[in-house]
Amino acid sequence: MPTEPLLELDSIVKSFGGTAVLSGVSLTVGSGEILGLVGENGAGKSTLVKCLLGIHRPDSGTIRFLGQTLRPGEKEIAGIPQEFNLVNDLTVAENIFLGREPVRFGLLDRKAMNEGARVQLARLGVELDPARRIASLGVAEKQMVEIAKALSVKCRLLIMDEPTTVLNQNEAAILFRIMRELRAAGTSVIFISHRLEEIRAVCDRVAVLRDGVLVSCDPAAELSAHEIARRMVGRELTRMFPPKEMPDSEAVLSVEHLSSGREVRDVSFTLGKGITGLAGLAGAGRTELAEAVCAIRRSRGTIRLNGVPLRLKNPSEAIVRGIVYLSEDRQGSGILTEFPVDANTTLSSLARYCRAGFIRGEEVLRTTESYIEKFRIRTPSPTAQLKFLSGGNQQKVALAKCLDTRPKVFIFDEPTRGVDIGARSDIYTFIRELAQNGVACLLISSDLEEVIGMCEKVFVMRAGRLAGCLEREHVTEEEIMYLATGVQ
């Protein structure tokens, strides 16, 4: 235990609707310490963070910060949320300094605000125009704005909830350097991540939550990734990735000379039945390519499904023809958090449940219950609002929604973002089963271990174009990065 506690939690209890989410959690964070906080989806991590940020009030127990009872909205505590908390209609600079805008002679000093935002972004190695609106940014860029926003606030405790899920290795390395600099300056960090090697690399201690109970808190140097995972799930984990196979050579989806703005430039490729990977650095055009194929973005070029040319006007037509897309931004375009689980699950396939203009509610409920069992979704009921589920369980609902359309082509964009290690294995198995059942799967991921572990064939994008295709023994981190950067 740290000798100089900055934060002390004693027997914290929190329940929702009679369901205990935190059960007597006691934990200490030292001054100038990086504490890793891990656990499966629904283990209570986000609820604990919200108690520290003043969003939730514990049912019982005490929280002391700097030796005093924690006040709601404590200014010395800053947080980077798992889901984006940005205003789409404001600029990057306006979001970073929201509520703390610099003024001069009683007026907004936009020049100082833009310069301040540019300094914070440069600290993260990001070249981003402070005057750009958030709505125009990709997910990785939004994540960097969230991080810059948190770092612009002087605080004693910084809470990071899954900050690296959409960052590449270089971006994550910069963030870890900044975390260590904060630690050296006396600022403490609570770092939540499902990437256990990151936890071991950057954290001093690792606290493990399981079903709302603190299982352990030990020095990171004494724990292997396997041991952390075992404590998280309460059992020994089997092999993470299922066996790999080359996708069929016969094309299910053919894309020829596809272009969309400056983000996608003259891209041609084919997908056969099986699993094909799509890698590249942030901004390479991976998501934009997927959106162009699914008619989310306007594009030029030819798309064929089983040899038949498609002229898709909108995403709904793509779904009807058998092409489905799991968005990397689940809350932005993947799910409706104010709707219940069952409504989300059947959202894209609702027409199948309608008879004579009425929705067959019992059929919707049965289908949802089958997906809850299949994906092991932790929810109080099929009719619970999605906003009350953890991020990982929301992701499982998004997967179920896509699967219920009965796709021929399934495009997965960062499918394990914010998903714990146990559920990751379930999702990988699910993708493998889809492929074995004749679905052409395109796996887009910033996690190279994921791409290499799942795919025998990988396309690599760079600056909006396909930089190359790797197969079998050439699917390695070195060769992927060579194509992604153009630097050997």
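See the structure printed just above.
Description of the structure in this document. The numbering scheme is per chain: residues are counted from 1 as the chain's sequence reads. Restriction of local features to residues with pLDDT of at least 70 applies here, the model being predicted, together with a cutoff of 80 or more for giving and counting side-chain atom pairs; totals for whole chains, interfaces and linings are based on all residues. For the side-chain quantities, the full set of heavy atoms in the structure was used; hydrogens and water were omitted.

### A closer look at the overall build of the protein chain
Then, in step 1: What counts as a helix is a DSSP run of H or I of at least four residues, what counts as a strand is a run of E of at least two, and both are numbered from the N terminus. Tallying secondary structure elements over the protein chain gives 16 helices and 24 strands in all.
Then, in step 2: The globule rule is 2.2 Å times the number of residues to the power 0.38, and the radius of gyration it is compared with is taken over C-alpha atoms. Taking 23 Å as the expected radius of gyration for a compact globule of 488 residues, we find that the protein chain reaches 23 Å, a close match to that expectation.
Then, in step 3: Across its three principal directions, the C-alpha atoms of the protein chain cover 70 × 55 × 50 Å.
Then, in step 4: Classification of the 488 residues of the protein chain by burial places 53% in the buried group. The buried label goes to any residue with under 20% of its type's maximum accessible area, the exposed label to any with over 50%, and the partly exposed label to all in between, with areas taken from a 1.4 Å probe on protein chains only.

### Section: the sheet that holds strand S4 (residues 60-65)
Then, in step 1: Spatially, the four strands line up as an open sheet ordered S2-S1-S4-S5, and their pairing is antiparallel. At either margin of the open sheet sits one strand with a lone partner, and together these are strand S2 (19-30) and strand S5 (68-69).
Then, in step 2: Two strands qualify as a pair provided DSSP detects at least 2 bridges between them. Inspection of the sheet shows strand S1 (residues 5-16) paired to S2 by eight bridges, in the antiparallel sense. In the sheet register, Lys 14 faces S2, and the bridge partner there is Leu 22.
Then, in step 3: Two residues qualify as a contact provided that any one of their heavy atoms is within 4.5 Å of a heavy atom in the partner residue. In this description, a line fitted to the C-alpha atoms serves as the axis of each element, helices being fitted only across the stretch in contact, and the angle between N-to-C directions of two axes falls anywhere from 0 to 180 degrees. Relative to S1, helix H1 (residues 45-52) is tilted by about 120°, and along the sheet it contacts S1, S2 and S4.

### Brief notes about the side chain of Ser 446
Then, in step 1: Tracing the chain through its elements places Ser 446 in the loop between strand S22 (440-444) and helix H15 (448-454).
Then, in step 2: Here a polar contact means two N or O atoms within 3.5 Å. Within protein one must be a hydrogen donor candidate and the other an acceptor candidate, and residues neighboring in sequence count only if both atoms are side-chain atoms. At 3.3 Å, the side chain of Ser 446 and the side chain of Arg 286 are in polar contact.
Then, in step 3: Within the structure, Ser 446 has its side chain in polar contact with the side chain of Glu 414 (distance 2.6 Å).
Then, in step 4: Once residues lying within four places of it in the same chain are set aside, the contact partners of Ser 446 are Val 166, Leu 167, Arg 286 and Glu 414.

### Looking at a nonpolar patch on the surface
Then, in step 1: Taken together, the side chains of Leu 336, Phe 339 and Leu 347 present a nonpolar region at the surface, about 250 Å² in accessible area.
Then, in step 2: Examined against the element boundaries, Phe 339 turns out to sit in the loop between helix H10 (330-334) and helix H11 (341-345).
Then, in step 3: When its relative accessible area of 42% is taken as the criterion, Phe 339 is described as partly exposed. In this scheme, patches are assembled from residues that exceed 30% relative accessible area and form no salt bridge. Like charges are connected within 9 Å, while nonpolar side chains (Val, Leu, Ile, Met, Phe, Trp, Tyr) are connected within 5 Å. Only the protein chains shown count as covering a residue, and every accessible area follows the Shrake-Rupley method with a 1.4 Å probe. Salt bridge, as used here: a side-chain nitrogen of Lys or Arg that lies within 4 Å of a carboxyl oxygen of Asp or Glu.

### Focus on the pairing of S4
Then, in step 1: Here S1 pairs with S4 via five bridges, running antiparallel. Pairing of Asp 10 across the sheet is with Thr 62, part of S4.
Then, in step 2: Between S4 and the antiparallel strand that follows it, S5, lie two residues; Leu 66 among them carries a positive phi value of about 55°.

### Remarks on the sheet that holds strand S16 (residues 300-305)
Then, in step 1: Sheet architecture is open: four strands sit in the order S14-S13-S16-S17, paired in antiparallel fashion. The open sheet has two edge strands with one neighbour each: strand S14 (264-272) and strand S17 (308-310). Strand-to-strand twist in this sheet, taken as the mean axis angle between neighbours without regard to direction, amounts to 20°.
Then, in step 2: The sheet contact formed by S16 and S17 spans three bridges and is antiparallel. Paired with Ile 303 across the strands is Leu 310, a residue of S17.

### Points about empty space enclosed by the protein
Summary: where empty space remains is shown by rolling a probe the size of a single water molecule over the atoms.
Then, in step 1: Only protein atoms enter the 1 Å grid used here. Points where a 1.4 Å probe fits but cannot escape make up a cavity, open sets with protein on both sides within 12 Å along at least five of seven lines make up a pocket, and a residue lines them when an atom lies within 4 Å of a point. Grid points are joined across faces, edges and corners, and a volume is the space filled by probe spheres set on the points. Tallied over the entire structure, the rule returns three cavities of 30 Å³ or more.
Then, in step 2: Of the pockets and cavities examined, the largest cavity occupies roughly 130 Å³.
Then, in step 3: For the lining of the largest cavity, the secondary-structure elements that each account for two or more residues are helix H5 (169-184) and helix H16 (477-485).
Then, in step 4: Polarity classes work like this: nonpolar for Ala, Val, Leu, Ile, Met, Phe, Trp, Tyr, Cys and Pro, charged for Asp, Glu, Lys and Arg, and polar for all others, with Gly in that last group. For the lining of the largest cavity, the residue count by class is eight nonpolar, six polar and two charged.
Then, in step 5: The space that makes up the second largest cavity amounts to roughly 70 Å³.
Then, in step 6: Split by residue class, the lining of the second largest cavity holds one nonpolar, four polar and six charged.

### Here's the deal with the pairing of S22
Then, in step 1: Counting buried residues in S22 gives five out of five residues, a clear majority hidden from the surface.
Then, in step 2: Along S22, one buried face is formed by Ala 440, Leu 442 and Ile 444 and the opposite face, lined by Cys 441 and Leu 443, is buried too.
Then, in step 3: Taken together, the five bridges between strand S15 (residues 274-279) and S22 define a ladder with parallel strand orientation. Residue pairing in the sheet places Leu 278 in a bridge with Ile 444 of S22.
Then, in step 4: Sheet analysis places strand S21 (residues 409-413) next to S22, joined by five bridges and oriented parallel. Each bridged residue has a counterpart across the sheet, and for Val 409 the counterpart in S22 is Ala 440.

### Topic: the packing of helix H12 (residues 361-375) against helix H13 (residues 391-403)
Then, in step 1: Closest axis-to-axis distance for the H12/H13 pair is 10 Å, and the angle between their directions is 125°. Between H12 and H13, the crossing angle belongs to the class labelled oblique. Seen from above, H12 lies across H13 with right-handed handedness. Where H12 approaches H13, its residues Tyr 371, Lys 374 and Phe 375 are matched on the opposing element by Lys 396, Leu 399, Ala 400 and Leu 403.
Then, in step 2: Here the contact of H12 with H13 is composed, by residue class, of five nonpolar, no polar and two charged. For classification purposes, an angle smaller than 35 degrees is called roughly parallel, one larger than 145 roughly antiparallel, one from 65 to 115 roughly perpendicular, and anything else oblique. With the far helix as reference, a near helix turned anticlockwise by less than a right angle produces a left-handed crossing, and one turned clockwise produces a right-handed crossing.

### Some remarks on the packing of helix H3 (residues 110-123) against helix H4 (residues 139-151)
Then, in step 1: Their axes nearest at 9 Å, the elements H3 and H4 cross at an angle of 110°. Between H3 and H4, the crossing angle belongs to the class labelled roughly perpendicular. With respect to the hand of their crossing, H3 and H4 are arranged in right-handed fashion. Side by side, H3 and H4 meet where Gln 120, Leu 121 and Arg 123 of the first sit next to Met 144, Ala 148 and Leu 151 of the second.

### A look at the side chain of Asp 404
Then, in step 1: By the element assignment, Asp 404 lies in the loop between H13 and S21.
Then, in step 2: In contact with Asp 404, other than residues within four places in its own chain, are Thr 345, Thr 346, Ser 349, Arg 352, Tyr 353, Thr 367 and Tyr 371.

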